[in-house]
Amino acid sequence: MFIFCLELHLDLPARSLKEKRGIVKSILGRCRNRFNAACAEVDRQDAPGAAVLAFVTVSPNKVIARQVLERIEEWVYQGWPDVEIVASDISEV
């Protein structure tokens, strides 16, 4: 069994924590439904213009687990053009 984690550092077009919460909840909720991956905001909770999101998947196959996380990154990039992905990292846990 293989566990992989994707960490996305995002620059958000939000000026308040309320606007940020709307964007982050939208990304996390849709990701859970579409990819069946565990996800959460893991850092920068107090910064309105930035967020760090983590996505985790488990699979018996290394390649499949990594591909799911790569698809999630591409999906965020395409689905939210106003959200800039500053950095991303996929690692095996």
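Residues numbered from 1 in each chain as written. Predicted model: local features only at pLDDT ≥ 70, side-chain atom pairs only at ≥ 80, totals over all residues. Heavy atoms only, no water.

Going by what an unreviewed UniProt entry lists, the chain is known as DUF503 domain-containing protein and is assigned to Oryzomonas japonica.

> Just checking my understanding: could you explain the side chain of Lys-20 for this structure?
Mapped onto the elements, Lys-20 comes out in helix 1 (residues 17-35). For Lys-20, a relative accessible area of 2% puts it in the buried group. A polar contact of 2.9 Å, which involves the side chain of Lys-20, links it to the backbone oxygen of Ala-47. Not counting chain neighbours up to four residues away, the residues in contact with Lys-20 comprise Leu-12, Ala-14, Glu-41, Arg-44, Gln-45, Asp-46, Ala-47, Pro-48, Ala-50 and Ala-51. (Helix = DSSP H or I, 4+ residues; strand = E, 2+ residues; numbered from the N terminus. Buried < 20%, exposed > 50% of the residue type's maximum accessible area, 1.4 Å probe, protein only. Polar contact = N/O pair within 3.5 Å; in protein donor to acceptor, adjacent residues only side chain to side chain. Contact = heavy atoms within 4.5 Å.)

> How should the pattern of salt bridges be read in this particular structure?
Oppositely charged side chains may form a pair once their charged atoms are brought near each other. All chains considered together, the criterion is met by four salt bridges. The shortest N-O distance in the salt bridge between Arg-15 and Glu-19 comes to 3.8 Å. Residue Arg-15 is classed as exposed on the basis of its relative accessible area of 74%. Between Lys-62 and Glu-92 there is a salt bridge; the shortest N-O distance is 3.7 Å. (Salt bridge = Lys/Arg side-chain N within 4 Å of Asp/Glu carboxyl O.)

> What should I look at first to understand the sheet that holds strand 1 (residues 2-11) in this one?
In any sheet, the strands associate via hydrogen bonds between backbone groups, in a parallel or an antiparallel arrangement. Here we have four strands laid out as an open sheet, ordered 2-3-1-4, and antiparallel in their pairing. Two strands lie at the open edges of the sheet, namely strand 2 (38-43) and strand 4 (84-92), each paired on one side alone. When the angles between neighbouring strand axes are averaged without regard to direction, this sheet yields 20°. Judged from the ten bridges that link them, strand 1 and strand 3 (residues 50-59) form a sheet pairing that is antiparallel. The residue of strand 3 that forms the bridge with Asp-11 is Ala-50. Its contacts with the sheet place helix 1 against strand 1, strand 2 and strand 3, and it is angled at close to 10° to strand 3. Packed on one face of the sheet, helix 2 (residues 62-79) meets strand 1, strand 3 and strand 4 and runs near 15° to strand 1. (Pairing = 2+ DSSP bridges. Axes fitted to C-alpha atoms, helices over the stretch in contact; angles between N-to-C directions.)

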